[in-house]
Structures are given as structure tokens and as C-alpha cells.
Amino acid sequence: MSTILRRRRLGNTSCRAISAMSTTGINVVRNDNMPAVLPGYVFRWGCTSSIPRDDSTVVVNHSEAIHRVSDKKGFRLLLDQHELCPATWGSLEDYQQANSVGAVVVRPAQHAQGRHVHLCSTLAEVEAAIAAIGGDYYIGEYIEKEAEYRVAVVQGRVAWVARKFPGNPEDVAWNVARGGRFENVRWDEWPLKACRYAVDAHNLSGLDFSGVDVMVKGTDVYVLEINSAPS
């Protein structure tokens, strides 16, 4: 028996759908309602709670890796070191020293569901966005993307690719929670450079499975973030 372990208010629809499609039986358990033992395979769905286990328990997606990608700022800076994402700065001082020109996006160090996105064109707007966030943040180069994909990577290999379409084309973040949608991409039409970048980013995360958001502009590819509980 396998179990998907999820947090309250996270992944209910996705996890139930996976369970319903399984031919071998997959339980969905919330972290505030765990039994005394979770035997067999336990798939963490963005959940880092301690798992009650026995000798048969095998955990998929360890808590350390989930913490790593949930720190959106820290992981984005790691992606930047490997030249996998838009240019990213962890402080206003670093951004100013870079003498960057053009629009940037300012976001909290931790964020979800396409919220708290500040598109800025001037230094004054950047400073106002930082003040509005009121806590830790990061600044990223704004790329006017032509396409965005969710690449599902499992154990270092691409399992499937979906193209994202925004609910509002003017949105900076194309997110299902904001009215967007996914459309499956046939394997013979996969954007291979985006897939390669997704695998490289996944391998930095330490996750067993992930949903990697990748955007494309012309021939350029940029990883945006990694999801440990992908829709």
C-alpha cells in the first residue's frame, strides 16, 4: 500500500485524483490525521511533518529537499548560480551594484499560488515593493515570456510536460490558482531545451519528484521555481 501525505489546504484535489486513477491503491492522508504507522511507500506532497514508520516505510521526497525548494529566495539564488533562471538578487544592495536596466519582479522569500508579485520599472518602485512586502524578499529580472511549461521530473527523468495558459494574459505569474490552465504536450512536441533545464534544476533540489516551472522567450529558457506539491 502507498500513501500520499499532504498538508491541510494543500493538494486535496490533485491527491484525490491521483488516488482515484491508481490501479494499486493509494491512500491520501493529511498530516494532522496520521495513523500510528504509515507502512510502505509514503509520498510527501509538499509536507515536511515527521512520519510514523516501521521497517517497511519508504519515504519519497525527503523533508530537507522540500524545505530547500520551499525557500523560494534561497533556491532561486541557487538556480542563478547555475545560470538556470533570470538574473536574481537577494538584496537591494546587490541589485543596485549590478547596474541592471529594465523591469524587475520583486517577491517575498516565500510565496505561493502566483500571489505577491510586484512588477517594477524604477528604483523607487522597487523600494516601494520591498516596503510593501515588509520582510525578506528577492529581486528577479523580468522576462516577457512567450510560453511557460510545467515539467514533471521523476528521479531525474521527464515524465510529462504541460503548457501553461494564463487566466489573464497581463498577469506576470501564470498560475492555476489565478484562473490559468494546463494543456498536455505530446511527447514528440516536448520543448527539449526546457526539459533539459528542468532536469538540471530538479537535480539541484534533491527531490525524487517535482513540478518544474520553465518559461521560454525565443531560444532562451529560464527556470522559475520548483514545486514539491505540483497541481
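That block above? That's the structure.
Because the structure is predicted, anything quoted here is derived from the model rather than measured.

Moving on: the packing of helix α3 (residues 72-81) against helix α6 (residues 192-205). Close contact between α3 and α6 brings their axes to 11 Å; oriented N to C, the two are set at 125 degrees. In terms of axis orientation, α3 runs oblique to α6. When the axes of α3 and α6 are compared, the crossing they make is right-handed. For the pair formed by α3 and α6, the contact residues are Phe75, Leu78 and Leu79 on the first element and Ala201, Leu204 and Ser205 on the second. Residue composition of the contact of α3 with α6, by class: five nonpolar, one polar and no charged.

Turning our eyes to something else, we now look at the packing of aromatic side chains. This model, assessed by the stated rule, comprises four aromatic pairs. Between tryptophan 89 and tyrosine 95, the aromatic rings sit 5.3 Å apart at their centres with planes inclined by 65 degrees, giving edge-to-face as the arrangement. There is no split in this pair, since tryptophan 89 and tyrosine 95 are both buried. Joined through ring pairs, the aromatic side chains of Tyr41, Phe43, Trp45 and Phe209 make up one cluster. For lysine 73, the ring lying beneath its charged end belongs to tyrosine 137, and the centroid distance is 5.8 Å.

Applying the stated criterion to the full structure yields nine salt bridges. Taking the shortest distance from any N to any O, the salt bridge between lysine 164 and glutamate 148 comes out at 3.1 Å. Taken together, the residues lysine 164 in strand β10 (residues 157-165) and glutamate 148 in strand β9 (residues 147-154) connect sequence positions 16 residues apart. For lysine 164, a relative accessible area of 5% gives the class buried. Its relative accessible area of 2% is what places glutamate 148 among the buried residues. What you see here is one network of salt bridges that share partners, running through Lys145, Glu148, Arg150, Lys164 and Asp213.

You can see aspartate 200 is positioned in helix α6. For aspartate 200, a relative accessible area of 39% puts it in the partly exposed group. C-alpha separation for the pair aspartate 200 and histidine 82, spaced 118 residues apart in sequence, amounts to 9.1 Å.

For helix α5 (residues 123-133), every residue scored as buried is listed here: Val126, Ala129 and Ile130. Projected down its long axis, α5 carries its buried residues within an arc of 100 degrees, all on one side. In α5, the exposed residues that point more than 90 degrees away from the buried face are Ala124, Ala131 and Ala132. Where α5 ends, the next residue or the one after it, glycine 134, has phi of about 70 degrees, a positive value.

A few words on the nonpolar core. Of all hydrophobic cores here, the largest spans 25 residues; its most connected members are Val212 and Val214. The set of elements that each furnish at least two residues to this core consists of α2 (63-70), α3, β9, α6, β12 (209-217) and β13 (220-227). For this core, the element with the most residues is α6, which contributes five residues. Valine 212 has contacts with Tyr149, Arg150, Val151, Val153, Ala198, Ala201, His202, Val223, Glu225 and Ile226, leaving out every residue within four places of it along the chain. Counting residues in each nonpolar core, the second largest holds eleven residues, with Trp89, Leu92, Val104 and Ile139 among its members.

This paragraph deals with empty space enclosed by the protein. Scanning the entire structure with this criterion turns up one cavity of 30 Å³ or more. Size it by volume and the largest cavity reaches roughly 50 Å³. What lines the largest cavity is simply Val69, Lys72, Phe75, Arg76, His111, Tyr138, Leu224, Glu225 and Ile226. Listing elements by their share of the lining of the largest cavity, those giving two or more residues are α3 and β13. For the lining of the largest cavity, a count of residues per class yields five nonpolar, one polar and three charged.

Further remarks concern the layout of surface pockets. Its volume calculated, the second largest pocket comes out at about 670 Å³. If you go around the second largest pocket, you meet 21 residues; those closest to its centre are Ile18, Trp45, Val154, Trp160 and Phe209. Every element with two or more residues in the lining of the second largest pocket is listed here: β1 (2-6), α1 (12-21), β3 (41-45), β9, β10 and β12. In terms of residues, the lining of the second largest pocket owes the most to one element, α1, which gives three residues. Split by residue class, the lining of the second largest pocket holds 13 nonpolar, seven polar and one charged.

Conventions we followed
Residues numbered from 1 in each chain as written. Predicted model: local features only at pLDDT ≥ 70, side-chain atom pairs only at ≥ 80, totals over all residues. Heavy atoms only, no water. Axes fitted to C-alpha atoms, helices over the stretch in contact; angles between N-to-C directions. Helix = DSSP H or I, 4+ residues; strand = E, 2+ residues; numbered from the N terminus. Parallel < 35°, antiparallel > 145°, perpendicular 65-115°, else oblique. Left-handed = near helix turned anticlockwise from the far one by under 90°. Contact = heavy atoms within 4.5 Å. Nonpolar A, V, L, I, M, F, W, Y, C, P; charged D, E, K, R; others polar. Phe/Tyr/Trp six-rings, centres within 6.5 Å; stacked < 30°, edge-to-face > 60°. Buried < 20%, exposed > 50% of the residue type's maximum accessible area, 1.4 Å probe, protein only. Lys NZ or Arg CZ within 6 Å of the ring centre and 35° of its normal. Salt bridge = Lys/Arg side-chain N within 4 Å of Asp/Glu carboxyl O. Arc of directions from axis to C-beta. Core = buried A, V, L, I, M, F, W, Y, C linked by side-chain atoms within 4.5 Å. 1 Å grid on protein atoms, 1.4 Å probe; cavity = no way out; pocket = protein on both sides within 12 Å on 5 of 7 lines; lining within 4 Å. Points joined across faces, edges and corners; volume = space filled by probe spheres on them.

From the geometry alone we can't say anything about function, so treat these as descriptive.
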